[in-house]
Amino acid sequence: MTTEVLLAAAEGEHNPLVPVVSEIILGAIIFAIVIYGIWKFVVPNFEKAYAERTAAIEGGLNAAETKQAEADAKLAELEQQLADARHEAARIREEAREQGAAIVAEMREQANSESERILEHGRTQIEAERQQAVASLRSEVGSLATGLAGRIVGESLEDDARQSRVVERFLADLETDGAGGTAN
C-alpha cells in the first residue's frame, strides 16, 4: 500500500490520507480566528459573568454577615432591656413591700393610738359616771340618813349644816367599815 500511495503522489493524484498543505494552513488560520474571536468576545463575557456572580455571592455573604451582626446586636440589646426590666420589676416589688410594711406599721400605730384614746376616753367617762354616782348616792344616802336619824332622834334635822355633818360622819363610818371589811 505504501507503494501505491507513493505512486499516486508521483502522478499528481491526491491521496485522501495525506492532507493538502493549503487546507492545513487555511484550517489553522480559521482555527486561530475562531480562538481569537472566542478569546476576544466570549471569554470576557464569561469572565464578566463570573465576576458578577462572585460579587453577588460575596455581597450576599457580606449582607448576611451584616444582618447577623445586627441581629446579634439587637438580641444583646433586647437581653439587656429584659434584664433591666427584671431588675426594675424587682426594685418595684421591693418598694411595694417596704411601702406595705410602712403602711401596716402606720396603721398599727394609728390603731394603738386610737385604742389608747378610746380607753382614756372610757376611763374618763367611767370616772365621771362614778363621781356622778357617788354624788347621787351621797345625796340619796344623806336624805335617807337624815330622815332616819330624825326619826331615831326624834327631832328634825332640816338644818343644812347639821344635815351635812351627819351625812359626812355616816359616810366616813361606811368607808371605814368597808375598808376594814375588805381587809379581813
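Residues numbered from 1 in each chain as written. Predicted model: local features only at pLDDT ≥ 70, side-chain atom pairs only at ≥ 80, totals over all residues. Heavy atoms only, no water.

K.L.:
Hey, could you run me through the overall build of the chain in this one?
P.N.:
For the chain, the helix and strand inventory stands at three helices and zero strands. In the chain, the succession of helices and strands from N to C terminus is α-α-α. Within the chain, buried positions represent 7% of all 184 residues. Carbon and sulfur atoms make up 62% of the accessible area of the chain, which amounts to about 15600 Å² in all. (Helix = DSSP H or I, 4+ residues; strand = E, 2+ residues; numbered from the N terminus. Buried < 20%, exposed > 50% of the residue type's maximum accessible area, 1.4 Å probe, protein only. Areas by Shrake-Rupley, 256 points an atom, 1.4 Å probe, with all protein chains shown as cover.)

K.L.:
Would you mind showing me how to read the packing of aromatic side chains here?
P.N.:
To describe a pair of aromatic rings, you give the distance between the ring centres and the angle between the ring planes. Within this structure, the stated rule accounts for one aromatic pair. Seen in terms of ring centroids, Phe46 and Tyr50 are 6.3 Å apart; in terms of plane orientation they differ by 20°. Their pairing is stacked. Residue Phe46 and its partner Tyr50 are located together in helix H2 (residues 21-153), separated by four residues, close to a single helical turn. Here Phe46 falls in the partly exposed class, since its relative accessible area comes to 47%. (Phe/Tyr/Trp six-rings, centres within 6.5 Å; stacked < 30°, edge-to-face > 60°.)

K.L.:
I keep staring at the confidence of the model for the chain and nothing clicks. Help me out?
P.N.:
Reading fine detail from the predicted coordinates is not recommended where pLDDT is low. Across the chain, pLDDT averages 84, with 81% of residues at or above 70. Per-residue pLDDT, averaged within each element of the chain, yields its smallest value for helix H1 (residues 2-11) (61) and its largest for H2 (90). (pLDDT = per-residue confidence, 0-100.)

K.L.:
Just checking my understanding: could you explain the pattern of salt bridges for this structure?
P.N.:
Pairing between side chains of opposite charge can happen when the charged atoms of each approach one another. Across all of its chains, the model carries six salt bridges by this definition. With a shortest N-O distance of 2.4 Å, Arg91 and Glu95 are connected by a salt bridge. On the criterion of helical spacing, the pair formed by Arg91 and Glu95 is a turn pair, its members being four residues apart in helix H2. In this structure, Glu120 engages Arg123 in a salt bridge whose closest nitrogen and oxygen atoms are separated by 3.6 Å. (Salt bridge = Lys/Arg side-chain N within 4 Å of Asp/Glu carboxyl O.)

K.L.:
Looking at this model, I keep getting lost on a nonpolar patch on the surface. Mind explaining?
P.N.:
Together, Leu26, Ile30, Val34, Ile38, Phe41, Val42, Phe46 and Tyr50 give the surface a local cluster of nonpolar side chains, amounting to about 790 Å² of exposed area. With relative accessibility at 52%, the residue Tyr50 sits in the exposed group. (Patch = residues over 30% accessible without salt bridge, like charges linked within 9 Å, V, L, I, M, F, W, Y side chains within 5 Å.)

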